[in-house]
Structures are given as C-alpha cells and as structure tokens.
Amino acid sequence: MLRRLYDWVLDKAGHRHAVWWLAFFAFADGGLFPFPPHPLLALMCLSQPRRAVRYGLITTVASIAGGTFGYLVGHFLYDTVGLQLLSALGLEAKFPVAACYLRAYGVEIIVLKGATPIPFLLLTVTAGFIGFPLVKFLLASLLSRGAIFLGIGILFKLFGPPIKTFIDKYFAYIVVATLIVIAGLFYVVDFAGGHSSAGDKCAAATLDPSYA
C-alpha cells in the first residue's frame with residue numbers, strides 16, 4: 001500500500017501544477033487539515049533536483065503562512081471555527097494535551113515538531129488559543145519548518161538521483177527506520193531534560209482547555 005502511495009505521489013509530483021499543490025498542502029498542514037507536505041516535496045525534488053532548494057523555500061513560506069492562519073483562528077475564532085475544525089479532524093480530545101505541552105515546553109515543542117508525530121495544525125491553533133507569544137511562535141516555526149523543508153531541498157539538490165535510487169531499492173526499510181526515529185524523538189521531547197513530570201501531566205490532560 002505504501003509503495004502504491006509512493007508511486008502515486010511521484011506521478012503527481014510531475015504535474016504542471018505541482019508547485020501550487022505543494023504550496024497548498026504546506027499551507028493547509030498548518031491551518032486547515034493535517035496533511036504533511038514532506039512526501040510531495042521530496043518527490044518533486046527528485047523529479048527536478050535543480051529546483052529542489054526553490055521547492056524547499058516555497059514549502060517553508062507556505063507552511064509558516066498556514067501556521068499563522070491557524071494561530072489566528074485559535075486566537076480569535078476558536079469557539080466559532082477552531083473547535084469545529086479540530087472536532088471535524090478528530091483532534092478535539094488532543095487539544096488540552098497540546099495546550100499543556102506548549103505551556104510546559106514553549107518554543108522547544110514547536111521547534112521539534114517537525115520531527116514528531118504531533119500535527120502542526122494542532123499546535124498552531126492551540127498556540128493561538130493560549131496566547132503563546134506570536135513573535136516566538138513565528139521564529140520557532142521558521143526554525144523548525146525551515147530546517148526540515150530547506151534541508152530536504154538542499155539534500156536533494158546535492159544528491160537527488162542517487163537518493164531516488166536508494167529509496168527505490170530500500171523503500172520498506174526507510175519507512176521502518178523513519179518511524180523508529182520519529183518515535184525516538186517524540187520520546188526525547190517527552191522525557192529529556194527532567195521534563196518527565198510535565199510529560200506525565202500532559203498525557204493525563206482532560207478536555208478542559210484551561211488544563212495545565
């Protein structure tokens with residue numbers, strides 16, 4: 001199934017409107033629905049290695065714009081829009097957990113988000129709702145999203161064709177390794193630096209948004 005999805009996305013990456021789709025999904029990941037743009041970005045970089053850095057920059061800018069939109073929804077329209085959006089996406093129950101993590105870790109959780117399974121949309125809406133400082137939010141988002149997306153662009157510009165050959169040959173192993181790395185980084189966010197008590201508290205957060 002993952003192989004078919006990979007082949008399908010690779011085909012779409014060569015579409016003449018692929019750049020617009022990339023920008024849309026990057027924006028949507030922060031403010032509309034959780035659809036990580038990473039696979040499409042990587043495959044577009046594979047198909048056009050010379051444009052890889054440009055694609056990474058487009059994804060970064062669109063992602064931060066989407067994150068800002070999500071922040072504003074959470075700050076000004078949570079009761080009328082934000083709550084319905086999270087509920088429709090099945091993220092309502094995770095909202096108090098995200099609020100707790102943001103209060104406990106602040107910038108750290110946003111910076112590390114790119115390597116964790118926490119939906120970026122959930123963090124953006126929650127950050128707006130709890131009044132997380134906007135400037136810090138934008139800087140952390142730039143650091144996190146830029147490091148991931150521009151990093152992908154640079155790597156594929158330098159090693160595009162060989163990377164594609166490697167992925168085609170070891171695709172299943174790459175998927176397993178990626179999941180292991182993501183799980184490990186999420187564990188670090190939860191427990192490193194003496195934050196285990198905060199992690200336990202956040203894991204037990206209730207549906208009361210004021211929790212923590």
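This text goes with the structure placed above it.
Residues numbered from 1 in each chain as written. Predicted model: local features only at pLDDT ≥ 70, side-chain atom pairs only at ≥ 80, totals over all residues. Heavy atoms only, no water.

A. Spatial organisation of the overall build of the protein. Helices and strands together make up the secondary structure of the protein, namely 10 helices and 0 strands. Taking the intrachain contacts of the protein between residues at least 6 apart in sequence as the baseline, contacts between residues at least 24 apart amount to 78%. As displayed, the protein offers around 11,100 Å² of accessible surface, 71% of which is attributable to carbon and sulfur atoms. (Helix = DSSP H or I, 4+ residues; strand = E, 2+ residues; numbered from the N terminus. Contact = heavy atoms within 4.5 Å. Areas by Shrake-Rupley, 256 points an atom, 1.4 Å probe, with all protein chains shown as cover.)

B. Representation of the nonpolar core within the structure. If you look at the biggest cluster of nonpolar residues, it comprises 21 residues, and the most contacted ones within it are Leu86, Leu102, Ile109, Ile110, Ala127 and Phe137. Among the secondary structure elements, those contributing two or more residues to this core are α5 (78-88), α6 (95-105), α7 (107-111), α8 (120-129) and α9 (134-191). The residues contacting Leu86, other than those within four sequence positions of it, are Tyr78, Leu91, Glu92, Phe95, Leu122 and Val125. Counting residues in each nonpolar core, the second largest holds 15 residues, with Leu22, Met44, Leu46 and Tyr55 among its members. (Core = buried A, V, L, I, M, F, W, Y, C linked by side-chain atoms within 4.5 Å. Buried < 20%, exposed > 50% of the residue type's maximum accessible area, 1.4 Å probe, protein only.)

C. Representation of the packing of aromatic side chains within the structure. In the structure shown here, the tally under the stated rule is 8 aromatic pairs. A centroid spacing of 5.7 Å and a plane angle of 40 degrees characterise the contact between Phe27 and Phe69, whose relative ring orientation is tilted. Placement of the pair is Phe27 in helix α2 (residues 18-31) and Phe69 in helix α4 (residues 52-76), with a sequence separation of 42 residues. On the basis of relative accessible area, Phe69 is assigned to the partly exposed category, the value being 35%. Seen from their ring centres, Phe95 and Phe129 are 5.2 Å apart, and the 80 degrees between their planes marks the pair as edge-to-face. Of this pair, Phe95 sits in helix α6 while Phe129 is found in helix α8, placing the two residues 34 residues apart along the sequence. Residue class for Phe95 comes out buried when judged on its relative accessible area of 1%. The exposure class assigned to Phe129 is partly exposed, which follows from its relative accessible area of 31%. (Phe/Tyr/Trp six-rings, centres within 6.5 Å; stacked < 30°, edge-to-face > 60°.)

D. Structural detail: helix α3 (residues 38-47). Buried residues dominate α3, accounting for 7 of its 10 residues. Among all positions in α3, only Leu40, Leu41, Ala42, Leu43, Met44, Cys45 and Leu46 are buried.

E. Examining the environment of Ala23 more closely. Structurally, the position occupied by Ala23 is in helix α2. Remark: the alpha-carbon pair of Ala23 and Tyr55, spanning 32 residues in sequence, is separated by 8.9 Å.

F. Representation of the packing of α2 against α8 in the model. Where α2 meets α8, the closest approach of the two axes is 6 Å, and the angle between their N-to-C directions is 50 degrees. One finds that α2 runs oblique with respect to α8. In contact with Asp29, Gly30 and Gly31 of α2, α8 contributes Phe120, Leu121 and Thr124. (Axes fitted to C-alpha atoms, helices over the stretch in contact; angles between N-to-C directions. Parallel < 35°, antiparallel > 145°, perpendicular 65-115°, else oblique.)

G. Geometry of the pattern of salt bridges. If you walk through the whole model with that rule in mind, you get 1 salt bridge. Asp29 is the salt-bridge partner of Arg145, the closest N and O atoms lying 2.7 Å from each other. On the criterion of sequence distance, the pair formed by Arg145 in helix α9 and Asp29 in helix α2 is long-range, its members being 116 residues apart. In this structure Asp29 comes out as buried when scored by relative accessible area, which is 3%. (Salt bridge = Lys/Arg side-chain N within 4 Å of Asp/Glu carboxyl O.)

H. Just the environment of Arg54, in detail. For Arg54, the location among the structural elements is in helix α4. Relative accessible area serves as the criterion here: at 47%, Arg54 is assigned to the partly exposed category. Residues Arg54 and Gly153 lie 99 residues apart in sequence; the distance between their C-alpha atoms is 7.3 Å.

I. Just α6, in detail. Among the 11 residues in α6, 8 count as buried, and that is most of the element. Among all positions in α6, only Phe95, Pro96, Ala98, Ala99, Cys100, Tyr101, Leu102 and Tyr105 are buried. Where α6 terminates, the next one or two residues include Gly106, which has phi positive at roughly 60 degrees.

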